Amino acid sequence: MTTSTFPDPFEQARMSDGTSTIDDQNDPVTMVMGLKDVRKCAHNWKKFQSGGDEIGRIVVPSEASIRDTRQIPFEVDPPEHGAYRKLIEPWFKRPLEENYQQKLKAIVDELVDEASHLNTIEVVEEFSLKLQSRALTLLLNTPYKESELWISWGTHVFRSEDSALDSSKANILYDYIDQQIDKAIANPGDDLYSVLLASEVNGNKLSKEEIKGVISLTFAGGRDTIINAVTNTISYLADHPQSLARLYQEPEITNKAVEELVRYFSPLTHMGRVVTEDTQVCEHAAKANSRISLCWASANRDSAVFDNPNEVVLDRKLNPHVGFGFSTHNCLGATHARQLLAILIKSLAEKVSSIDIVDHEENIEDLQQFQRKVGFHSLTAAFNAK
């Protein structure tokens, strides 16, 4: 088994029953496993809601005890969701612009060049976290120097080494966002804070709390997921030098490769929903106010949909993966993530002949009966320059 092999712990449950139940802080969660069922539940926001009164409950593990700011538009359902999404989606499509991509390429190339000149580099902290944070300055359109502070926060904004839920870390983020909103009020610019302050939804100016909800989602939703995606991609290219060579020879398959790597590694395991009425999920009763989770990682290995689901097929033709979610609440930052990964792959293919893994520590997500590898706590590697 190679370093970049990610086993599918959900296969038996997916094929035998289609669901499985785990406990989350004495609040059971029914995990939905198959791609068809996951997509069906994700689309049915009326029965399986993201909004509701209990902020943070749809996250697994629930963040209800550590935050009271609603993440927007993630924790809002239609029709309100559509109004927020219409406002902010154009901003999050900016990664499609050539100028944005050139700036992102400069950030990526600098890190790849630095790594290539070192004997070894610890990828998670010294490469992936730096890339995620520096690229985020483009998405927010804030000064590059802000990334140094974000890097100091570590790989997750709501978790620490000792706790899966750390309210003190959450407060650091919220205090920072409050300060940045106040700065934008005093001196408006062209960053996302200022744009939101000048915006309206349904004829009403956005409140500070609403702006805080958008910004906190931008920070939290794209942090460990991007870090995992970048680190896992590097581990794959290290284990498969022939794929690195192929991506150099066939750059036209890069976008398909991005989709396939997101499918295979599924940086986010699952996301919850709250059941609004007594119903059924995969022929099992689901009571009102109970929770389900949409298990993206399981759905992305569904053999009923994907041929050879446990293999990375860089040019996979049909790839209806749900690595960025599905339907109404699909990932707002997906365009940014796709561009970042595509540019990273092209940079590595052009500048690096091979990558050697020297040492690693796997990051195993404990979901009781399921133990899922989501990435690495550490990955030390040597980038061998061409």
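Predicted, not measured: the structure shown is a model, and the values here were computed from it.

Enquirer: What am I meant to see in the environment of V201 here?
Expert: Positionally, V201 belongs in strand 5 (residues 200-201). Look at V201 and you get buried, because its relative accessible area is 9%. When the C-alpha atoms of V201 and E80 are compared, they prove to be 8.9 Å apart, with 121 residues separating the residues in sequence. When sequence neighbours within four positions are dropped, the list of residues in contact with V201 reads A83, Y84, L87 and L206.

Enquirer: In this structure, what is going on with the packing of aromatic side chains? I would like to understand it.
Expert: If you walk through the whole model with that rule in mind, you get 11 aromatic pairs. Taken together, a centroid distance of 6.0 Å and an interplanar angle of 85° make the contact between Y176 and F219 edge-to-face. A residue pair is termed long-range when its members are at least 10 positions apart, and Y176 in helix 7 (residues 167-186) and F219 in helix 9 (residues 208-221) qualify at 43 residues. For the pair Y176 and F219, a shared accessibility class is recorded, and that class is buried. Members of the aromatic cluster, connected to one another through ring pairs, are F6, Y264, F265 and F376. When the ring centre of Y264 is taken as origin, the NZ or CZ atom of R301, which lies over that ring, is 4.1 Å away. Lying over the aromatic face of Y248, K386 brings its terminal NZ or CZ to 3.4 Å of the ring centre.

Enquirer: Explanation requested: the pattern of salt bridges in the structure shown.
Expert: Opposite charge on two side chains allows them to pair when their charged atoms are near. Applying the stated rule across the entire model yields 21 salt bridges. In this structure, E126 and K130 form a salt bridge, with 3.0 Å as the shortest nitrogen-oxygen distance. Residue E126 and its partner K130 are located together in helix 5 (residues 123-140), separated by 4 residues, close to a single helical turn. Taking the shortest distance from any N to any O, the salt bridge between R316 and E260 comes out at 2.9 Å.

Enquirer: Before we go on, may I ask you to explain the nonpolar core in this structure?
Expert: Nonpolar side chains in soluble globular proteins tend to end up buried together. Residues F127, I215, F219, V230, L348 and F383 are the most contacted members of the largest nonpolar core, which totals 80 residues. Not counting chain neighbours up to four residues away, the residues in contact with F383 comprise A115, S116, I121, V123, F127, I234, L348, V352, S354 and I355. Judged by nonpolar contacts, the second largest core, of 21 residues, contains V32, V38, I58 and V274.

Rules used in this analysis
- Residues numbered from 1 in each chain as written.
- Predicted model: local features only at pLDDT ≥ 70, side-chain atom pairs only at ≥ 80, totals over all residues.
- Heavy atoms only, no water.
- Helix = DSSP H or I, 4+ residues; strand = E, 2+ residues; numbered from the N terminus.
- Buried < 20%, exposed > 50% of the residue type's maximum accessible area, 1.4 Å probe, protein only.
- Contact = heavy atoms within 4.5 Å.
- Phe/Tyr/Trp six-rings, centres within 6.5 Å; stacked < 30°, edge-to-face > 60°.
- Lys NZ or Arg CZ within 6 Å of the ring centre and 35° of its normal.
- Salt bridge = Lys/Arg side-chain N within 4 Å of Asp/Glu carboxyl O.
- Core = buried A, V, L, I, M, F, W, Y, C linked by side-chain atoms within 4.5 Å.

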